[in-house]
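# Results of the structural survey
This is what each chain is made of:
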Amino acid sequence: MAAKTSSSAASPSITDEPLMSREFATLMVVASVYFLATGAVNALLPTFVVDELGGTEATAGFVMGSAAFSALATRIWFGRTADRHGARRLIAIGAVLGAVAFVMLALSSNVESATGARLVLGASGAAMVTGSTMLGIQLAPVRRRSQAAALVLVSFHAGMGVGPTFAEWMLSAFSYAWVWLSAAVVSVFSGLLAMLLTRRPGTPSDEPSPMIHRSALWPGVVTLFGVFAFNGFMTFLPLYAREVGMSNVGVAFLVSSAVMVVIRTTLGRVPDIIGPIRAGSGALVLTVGAMVLIALWATPTGVIVGSGLVAAGLSLQSPSFIAIAVEGVSDRERGSAMATFTAFYDVAGAIVGPMLGLIVTNAGYQPAFLTTAALAVVGLVVLHTVVAPKWNAAHRQMG
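Residues numbered from 1 in each chain as written. Predicted model: local features only at pLDDT ≥ 70, side-chain atom pairs only at ≥ 80, totals over all residues. Heavy atoms only, no water.

### Considerations on the overall build of the protein chain
What counts is decided by this rule: Helix and strand assignments follow DSSP, with helices taken as H or I runs no shorter than four residues and strands as E runs no shorter than two, numbered in order from the N terminus. Relative accessibility under 20% of the residue-type maximum defines a buried residue, over 50% an exposed one, and the middle range a partly exposed one, all with a 1.4 Å probe and only protein chains included. Accessible areas in this description were obtained via Shrake-Rupley with a 1.4 Å probe; residue shielding takes into account the shown protein chains only.
Per the secondary structure count, the protein chain includes 14 helices and zero strands. Going from the N terminus to the C terminus, the protein chain shows its helices and strands as α-α-α-α-α-α-α-α-α-α-α-α-α-α. Across the 399 residues of the protein chain, 57% fall into the buried class. Carbon and sulfur atoms make up 67% of the accessible area of the protein chain, which amounts to about 15600 Å² in all.

See below:
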């Protein structure tokens, strides 16, 4: 009885360990600056492909989705690099590759060259997301890992929320090329800021960390189906907004990012408190409802409301499933686990652009968005039939 009392008394002190530090705040700034540049590109690239390069909606979907192929091809290697050499190096690599991609885009004159730039940007994003998320979890107390993941993701979407407004202003005043070159400068700046992070060496070993980490596979599968909705909506948002008569698409991007910032800042500890299975389930249900609403409410107001709701659904999805993916994983293999998990974002990105582009071209936006709602339902089924039993069994053994 005395031992049990001692254990319970220790828990609050662990739970109350502070998360925010100078190092963690610096990481968030670095990621926000990088994703400001990425957000600028995401907002304008679909219209650039259609209006400037002569592509179609399906072509725009392919160009946007092509980044996922290079991200998927490089992410596993990036995970091993972070395990062996530390996350800061990976963050710097991401910033440099981003600058290269934006310069390539400024020089693009056809769909093929734009696709090449997008492929480099995919590798850049893979390095930045894997490195930033790994370092954020590494800096966090054990009982605050979901919150740490939520705040790192906040920094991503804070930048992506400001980026489109910045991009539209730049485009109205100058040209697409100026937007792409400005994004390159911003990406370089994020790399310079990354040098302020403390260098944390990895854990070199004769036996490298696994290329594919088993603990992250099923949480990744759920994520695959869960993020289809957000990725698909955001990929086609610039074109869909024009379809429903919305003149300023930057507002929808800003609403989406603002919702994510608010929810992940104020409710980021929800998966730590109620458990990631419950939090993730609620998030998936909200995602389904959001996409049904977006499909049926085809007006500028519907776009704005839908942007907020689908962002709310994603806000607790990722922190919940990240917590499941890294549960019980050693420091030496955490980069591998994060790379495996986040690779499913790449798979979703690779599929959703071309798939929804074909549906939109042949049937319209409503069937495309309803398809993503159905896929989120599949994710919910996998969560409760495969992931939840494994999670519950592991926690019964632990205590």
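Picking up after the structure, the text goes on.
### Side note on the nonpolar core
Counted only if it meets this: We define the nonpolar core as a collection of buried residues of types Ala, Val, Leu, Ile, Met, Phe, Trp, Tyr and Cys that are connected through side-chain atoms lying within 4.5 Å of one another. Residue contacts follow a heavy-atom distance rule, with two residues in contact if any of their heavy atoms lie within 4.5 Å.
Membership of the largest hydrophobic core comes to 118 residues, with the highest contact counts inside it found for Trp180 and Phe233. If you tally residues by element for this core, the top one is helix H2 (residues 22-52), at 17 residues. Among all residues touching phenylalanine 233, those that are not within four sequence positions of it are Tyr240, Met291, Ile294, Val303, Gly306, Ser307, Val310 and Phe369.

### A word on the packing of aromatic side chains
Operational definition: Here the aromatic set is Phe, Tyr and Trp, taking the six-membered ring for Trp, and pairing holds for ring centres within 6.5 Å; pairs whose planes are under 30 degrees apart are stacked, those over 60 apart are edge-to-face, and all others are tilted.
Overall, the coordinates contain 11 aromatic pairs when judged by the stated rule. Taken together, a centroid distance of 4.9 Å and an interplanar angle of 85° make the contact between tyrosine 34 and phenylalanine 35 edge-to-face. Relative accessible area serves as the criterion here: at 1%, tyrosine 34 is assigned to the buried category. Grouped by ring-pair contacts, the aromatic residues Phe233, Tyr240, Tyr365 and Phe369 constitute a single cluster.

### Some thoughts on the confidence of the model for the protein chain
Rules: Confidence of the prediction at every residue is given by pLDDT, a number between 0 and 100.
Here the protein chain averages 79 in pLDDT, while 87% of its residues score no lower than 70. Here helix H1 (residues 2-15) stands out as the least confident element of the protein chain, with mean pLDDT 38; helix H11 (residues 276-296) is the most confident, with 90. A low-confidence stretch, residues 1-15 (pLDDT under 50), is modelled with six contacts involving residues beyond four sequence positions or located in other chains.

### Looking at helix H9 (residues 250-266)
Formally: For a helix, the expected span equals 1.5 Å multiplied by the number of residues minus one.
For H9, spanning 17 residues, the distance from its first C-alpha to its last is 24 Å, which sits close to the expected 24 Å at 1.5 Å a residue. Along H9, the residues classified as buried are Gly250, Ala252, Phe253, Ser256, Ser257, Met260, Ile263 and Arg264.

### Describing the pattern of salt bridges
Note the following rule: For this document, the term salt bridge refers to a Lys or Arg side-chain nitrogen within 4 Å of an Asp or Glu carboxyl oxygen.
With the rule as written, the count across this model stands at one salt bridge. Between arginine 22 and glutamate 23 there is a salt bridge; the shortest N-O distance is 3.3 Å. The exposure class of glutamate 23 is buried, given its relative accessible area of 7%.

### Examining the packing of helix H8 (residues 217-243) against helix H12 (residues 300-326)
The line we're drawing: Lines are fitted to the C-alpha atoms to define the axes, a helix being fitted only along its stretch in contact, and any angle between axes, read from their N-to-C directions, falls within 0 to 180 degrees. Throughout, the term roughly parallel applies to angles under 35 degrees, roughly antiparallel to angles over 145, roughly perpendicular to angles from 65 to 115, and oblique to all others. By definition, turning the near helix anticlockwise from the far helix through less than a right angle yields a left-handed crossing, and turning it clockwise yields a right-handed one. The residue classification treats Ala, Val, Leu, Ile, Met, Phe, Trp, Tyr, Cys and Pro as nonpolar and Asp, Glu, Lys and Arg as charged. All others, Gly included, are polar.
Running from amino to carboxyl end, H8 crosses H12 at an angle of 155°, the nearest separation of the two axes being 10 Å. Accordingly, the angle class assigned to the pair H8 and H12 is roughly antiparallel. Here H8 and H12 pass one another in a crossing that is left-handed. Of H12, the residues touching H8 (which contributes Pro219, Val222, Thr223, Gly226, Val227, Ala229, Phe230, Phe233, Leu237 and Tyr240) are Val303, Gly306, Ser307, Val310, Ala311, Leu314, Gln317, Phe321, Ile324 and Ala325. Among the residues making up the contact of H8 with H12, the classes are represented as 15 nonpolar, five polar and no charged.

### Considerations on the packing of H2 against H8
The axes of two packed helices give the description: the angle between them and the distance between them. Interhelical geometry of H2 versus H8 gives an angle of 65° and a closest axis separation of 7 Å. In this structure, H2 crosses over H8, and the sense of that crossing is right-handed. Every residue of H8 that contacts H2 at Asn42, Ala43, Pro46, Thr47, Val50 and Asp51 is listed here: Thr235, Pro238, Leu239 and Arg242. Grouping the constituent residues of the contact of H2 with H8 by class yields five nonpolar, three polar and two charged.

### Details of a nonpolar patch on the surface
The test is simple: A patch consists of residues whose relative accessible area exceeds 30% and which take part in no salt bridge; residues with like charges are grouped when within 9 Å of each other, and nonpolar side chains (Val, Leu, Ile, Met, Phe, Trp, Tyr) when within 5 Å.
Together, Phe62, Phe69 and Leu119 line one region of the surface with nonpolar side chains, adding up to about 280 Å² of accessible area. The residue phenylalanine 62 is located in helix H3 (residues 57-85) in this model. The exposure class of phenylalanine 62 is partly exposed, given its relative accessible area of 43%.

### Regarding the environment of leucine 309
With respect to the helices and strands, the residue leucine 309 is situated in helix H12. For the pair leucine 309 and valine 255, spaced 54 residues apart in sequence, the C-alpha separation works out to 9.6 Å. Every residue in contact with leucine 309, bar those within four places of it in the chain, is listed here: Leu286, Ala290 and Leu293.

### Here's the deal with the environment of alanine 140
When you line up the elements, alanine 140 lands in the loop between helix H5 (111-139) and helix H6 (145-173). Exposure remark for alanine 140: the relative accessible area of 11% places this residue in the buried category. Counting along the chain gives 119 residues from alanine 140 to serine 21, while the straight-line C-alpha distance between them is 9.6 Å.

### Examining the side chain of serine 315
Basically, it comes down to this: Each polar contact in these results corresponds to two N or O atoms within 3.5 Å; when the atoms are within protein, one needs to be able to donate a hydrogen and the other to accept it, and residues that are neighboring in sequence are counted only if both atoms are side-chain atoms.
Looking at the secondary structure, you find serine 315 in helix H12. A distance of 2.7 Å separates a polar side-chain atom of serine 315 from the backbone oxygen of alanine 311. Serine 315 has contacts with Val259, Met260, Ile263 and Arg264, leaving out every residue within four places of it along the chain.

### Side note on the side chain of serine 70
Mapped onto the fold, serine 70 is located in helix H3. What makes serine 70 buried here is its relative accessible area of 12%. Among the polar contacts made by the side chain of serine 70, one reaches the main-chain carbonyl oxygen of leucine 119 at a distance of 2.4 Å. Among residues more than four places away in sequence, those in contact with serine 70 are Arg118, Leu119, Val120, Gly122 and Ala123.

### What about the environment of asparagine 42?
On the secondary structure map, asparagine 42 appears in helix H2. Separated by 22 residues in sequence, asparagine 42 and methionine 64 have C-alpha atoms that sit 7.9 Å apart. If we skip the residues at most four places from it in the chain, asparagine 42 touches Met64, Arg118, Met160 and Pro238.

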